[in-house]
Amino acid sequence: YGLGAVLSATKASAGLPQAGDEYDFYRSFPGFQEFCESQGDGLLHCMSQIMQHHGCRSHVRDQNKLTGLEERFDLVVDSNDVILERAGILLDEADGVNRNQQPVMPAGFQPPKIVVSSWNRKGPGSGSRSETFRLLHAKNVTRPQLKFKERIDNSNTPFIPKIFIKPNARKPLPACKTSRERPEDLDVPAALADLIHQQRTQEHVDDMFAHPYQYELDHLSTQEKLLSKPEPQMYKPMAETKFSFIDSLEDLVALNEKLCKLSEFAVDLEHHSYRSFLGLTCLMQISTREEDFIIDTLELRSEMYILNEAFTDPSIVKVFHGADSDIEWLQRDFGLYVVNLFDTHQASRALNLARHSLDHLLKHFCSVDSDKRYQLADWRIRPLPDEMVQYARTDTHYLLYIYDCVKVQLLDFNHSQPGLLQSVWNKSKDISLKKYVKPIYTEESYLELQRKQKKSLNTQQLTAFRLLFAWRDKLARQEDESTGFVLPTHMMNKISEELPKEPQGIIACCNPVPPLVRQQVNELHLLVQQAREMPLLKPEVMLFGPHDTSRVSESDLLHLSPGELPVKQGMLFSEDEHKMDIDVQKTSGLLAPAKITLFQEVETKDAQKSLSVAQMKARQITESFQNPFRMYLPSKDVHVNKNAKFDPSSKIFEVIKELHSLIPIQESAKSGGKKRERVDGEVGELTPKPSKKLMKSAEKPQKTEATPQESFKPFDYSQSDLKVFAGMHKFPKGQKNNSAAGNRSMSFLAGKSDRGFRHNWPKR
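Residues numbered from 1 in each chain as written. Predicted model: local features only at pLDDT ≥ 70, side-chain atom pairs only at ≥ 80, totals over all residues. Heavy atoms only, no water.

Caption draft 1: Region of the structure containing the pairing of strand S7 (residues 317-320). The two faces of S7 match: Val317 and Val319 on one face and Lys318 and Phe320 on the other face are all buried. Relative to S7, strand S4 (residues 264-272) runs parallel, the two sharing three bridges. In the strand pairing of S7, Glu264 is matched with Val317. Of the pairings in the sheet, the one linking S7 to strand S8 (residues 341-343) comprises three bridges and is parallel in character. The partner of Val319 across the bridge, within S8, is Phe342. In this region the chain leaves S7, passes through helix H10 (residues 324-334) and returns to the parallel neighbour S8; the handedness of that crossover is right-handed. (Buried < 20%, exposed > 50% of the residue type's maximum accessible area, 1.4 Å probe, protein only. Helix = DSSP H or I, 4+ residues; strand = E, 2+ residues; numbered from the N terminus. Pairing = 2+ DSSP bridges. Right-handed = clockwise from strand over helix to strand, strands pointing away.)

Set out below in structure tokens:
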């Protein structure tokens, strides 16, 4: 009801005249002015009462001072802050959050942070009121890396599998992996020790980095019973299911013996990546039809390889959901490998379900609403709170029942044919074949991250980005921290763009300031100064195609002379195919002659005679076209179209006409009573010669049309039809048109008359 009232009031206020000319116009009407004043007084009275009710200053209607408007506005803002703060406190109390009492939390982690947002709320159908995530993070947790028996290898070397014992092997493990400890190599990282040992014994490199169970997985065939339709076995209630927390070697060995006797079990992992460079696997959940197990992998990290006996048994099905990352984490931390994997995520995709998350599968098949409040928790916390234990158990407790249900639906979906189910098994096997790859730093590693930012940087900024990226990677490997903890990417971008001149500027670019940045701020300042010393150039455009050679040096291009290797002639049409005795492998390229030519010119006279009337006319029209930029080109070897020289609408004709006007014309009296002897067609004889080509081209068309030494006789315009000049010039009444008064400035139409074009008129 309150929301509706607010919306209606907002809509009504939006319909009022806007401030400015519109409001001033309506304000000129007395009725509108009285209405506004009365309503305004009523609103101010209501606001004053509300402010008095909440104990705020309420002198809203005080209009005596010149600054009364600003003061009233400040009163309203302060009152809003007080009222909204009180409303927030009441809502928190209604939601069960008491700000006055500090919650009693397990040792080792801070009070939970409540993130109020729309993306992390539980749906309205969850059976309870809306809840939010609880982010459990542990700032004071002892780093588990310090307790590991084997030091974590963050070196910039490729990852070498940790396995040294290969159970269920059909192909023995290479000799380079069987010896786990070498006394001469204890002082170097494990990866470097294996590489040194390989060089000493001169063993093949492929055996060191190959998947240890590649042969077994390639020759794994799905059993017939796994392709048959099962009867779904209902899960036990979680409260009635036995639960065990494994944190000792004896319990781990007992668990492995239990798993080896089963036909299937479900597996899931909990991972932490913020306070470690490569990441840490903190928990492993395993569920059978009867029991749930949670293994403390931080405590048993160096003994987890024992489970390879059950994980690599091809007769036991291991059910995962979204195992892409889990497979890599098992290899990286424990040297564990999985044979005969079934991924319910791949089954969900094959069934085209609405969503493929485990949350959706739990709701769809088990009608269980998973509690994701601890999804972002820090799983390094020890001891684990009961809520986090329940959350971890939920991930695998129902997974075997989901495995049965999706198998049934896959067979029903494909009319009891095993093809679709077999494709899921094959995709799951491909996931098992994945190998963990360590992040390797190279000189060009920063480019991939920089391209993702979609920002254009100049040379100084790009140099700063490269130096900061290298510093971050080096420090993260040394301290075994994630790159996001050392220096988040958005802060690195900010520093690269701003290029602060002082260390305080680097601190100002980071909010909050990472601890390692505060410690190493002077080193970062030196890197930024080094970048500022680079010459400032424009950013290089990175968008170019594979055929763009503008950024390739000439030395990188392949230069081959035509005589080096023979060329194979290509065929565009089958009738052009002909045999060649040249070896195809020794040819330098493929040449295909053009078969279709646009605007093909006719070169021979015989071809000109064979043209039709329409083709001749089209050719004449094409020749009459002229380049609009010819007038801006140099006069050397200038090309002048023949038709353009005699077209009154062309520019060249006007130029020739202007040249004629520059030559003084002699009177007939001075020439002995004779007129000019120049003939009509000699257009350029008496003009200054701009170029020989222009003069010759102007002389040719009219040389044969007139006889030389012909006296000029003026034309008598009184005897002609002057309709052609209608509307352009009228003679006054009583004035006759003098035939000798033909003036140069006389107006005429630029078109045809009875005497033809104006360039054929007699010259005076």
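Alright, that's what it looks like, and here's the rest.
Caption draft 2: Spatial organisation of the sheet that holds strand S3 (residues 242-246). Strand order in the open sheet formed by six strands is S3-S6-S5-S4-S7-S8, with mixed pairing between adjacent strands. The sheet terminates laterally at S3 and S8, the two strands that pair on one side only. The sheet shows a mean angle of 25° between the axes of neighbouring strands, direction not considered. Taken strand by strand, helix H8 (residues 249-260) contacts S3, S4, strand S5 (280-287) and strand S6 (291-296), and its axis lies near 140° from that of S6. The sheet contacts of helix H15 (residues 419-432) involve S7 and S8, and relative to S8 the element is tilted by about 110°. (Axes fitted to C-alpha atoms, helices over the stretch in contact; angles between N-to-C directions. Contact = heavy atoms within 4.5 Å.)

Caption draft 3: The side chain of Asn256, seen in detail. As for its placement among the helices and strands, Asn256 is situated in helix H8. Ignoring sequence-local partners within four residues, the contact set of Asn256 consists of Ile306, Leu307, Glu309 and Ala310.

Caption draft 4: Summary view of the pattern of salt bridges. The final tally for this structure, using the stated rule, is 22 salt bridges. Note that Glu497 is salt-bridged to Lys455, the shortest N-O span being 3.1 Å. Here the residue Glu497 occupies a position in helix H19 (residues 489-498), and Lys455 occupies one in the loop between helix H16 (445-453) and helix H17 (459-479), the gap between them amounting to 42 residues. Linked through salt bridges whose partners overlap, the residues forming this network are Arg143, Arg275 and Glu481. (Salt bridge = Lys/Arg side-chain N within 4 Å of Asp/Glu carboxyl O.)

Caption draft 5: Geometry of helix H3 (residues 30-53). Here H3 contains 24 residues, and its C-alpha end-to-end distance of 35 Å stays within 8% of the 34 Å for a straight helix at 1.5 Å per residue. When we look at burial in H3, the residues that qualify are Phe32, Leu44, Ser48 and Met51. Looking one or two places after H3, you find Gly55, whose phi comes out positive at around 75°. (Expected span 1.5 Å × (residues − 1).)

Caption draft 6: Looking closely at the nonpolar core. Trp379, Trp471, Val486, Leu487, Met492, Ile495 and Leu524 are the most contacted members of the largest nonpolar core, which totals 47 residues. Residues within four places of Met492 in sequence aside, it is in contact with Leu449, Phe465, Leu468, Phe469, Arg472 and Leu487. (Core = buried A, V, L, I, M, F, W, Y, C linked by side-chain atoms within 4.5 Å.)

Caption draft 7: Examining the state of the cysteines more closely. Using the criterion set out here, one finds zero disulfides in the structure. Take Cys405: it sits in no disulfide, and the sulfur closest to it among the cysteines is that of Cys366, at 6.7 Å. (Disulfide = S-S within 2.5 Å.)

Caption draft 8: How the structure looks around the packing of helix H12 (residues 358-366) against helix H14 (residues 399-413). Axis separation between H12 and H14 bottoms out at 10 Å; the angle between their running directions is 75°. Considering their axes alone, H12 and H14 lie roughly perpendicular with respect to each other. In contact with Leu358, Leu361, Leu362, His364, Phe365 and Cys366 of H12, H14 contributes Leu399, Tyr401, Ile402, Cys405, Val406 and Gln409. Across the contact of H12 with H14, the residue classes tally to 10 nonpolar, two polar and no charged. (Parallel < 35°, antiparallel > 145°, perpendicular 65-115°, else oblique. Nonpolar A, V, L, I, M, F, W, Y, C, P; charged D, E, K, R; others polar.)

Caption draft 9: Region of the structure containing the packing of aromatic side chains. This model, assessed by the stated rule, comprises 15 aromatic pairs. Plain terms: the ring middles of Tyr235 and Tyr398 are 4.7 Å apart, the flat faces sit at 85° to each other, and that makes the pair edge-to-face. Pair noted here: Tyr235 is in the loop between helix H7 (214-218) and S3 and Tyr398 is in the loop between helix H13 (386-397) and H14, with a separation of 163 residues, a long-range link. The class for Tyr398 is buried, based on a relative accessible area of 9%. Relative to Phe469, the ring of Tyr441 lies with its centre 6.1 Å away and its plane at 25°, an arrangement referred to as stacked. With Tyr441 in the loop between H15 and H16 and Phe469 in helix H17, this residue pair connects regions lying 28 residues apart in the sequence. Each member of the aromatic cluster is reached from another via a ring pair, and the members are Tyr23, Phe25, Tyr26, Phe29 and Phe32. Above the face of the Phe148 ring, Arg301 is positioned so that its terminal group lies 4.5 Å from the ring centre. The ring of Tyr436 carries Arg332 above its face, with NZ or CZ at 5.9 Å from the centroid. (Phe/Tyr/Trp six-rings, centres within 6.5 Å; stacked < 30°, edge-to-face > 60°. Lys NZ or Arg CZ within 6 Å of the ring centre and 35° of its normal.)

Caption draft 10: Main features of unusual backbone geometry. With an omega of 0°, the peptide bond running from Arg382 to Pro383 counts as cis. Mapped onto the elements, Pro383 comes out in the loop between H12 and H13. With an omega dihedral of -5°, the bond running from Asn511 to Pro512 counts as a cis peptide bond. Looking at the secondary structure, you find Pro512 in the loop between helix H20 (503-508) and helix H21 (515-519). Despite not being glycine, Ser416 has its phi angle at roughly 65°, a positive value. As for its position among the elements, Ser416 is in the loop between H14 and H15. By relative accessible area, which is 54% here, Ser416 ends up exposed.

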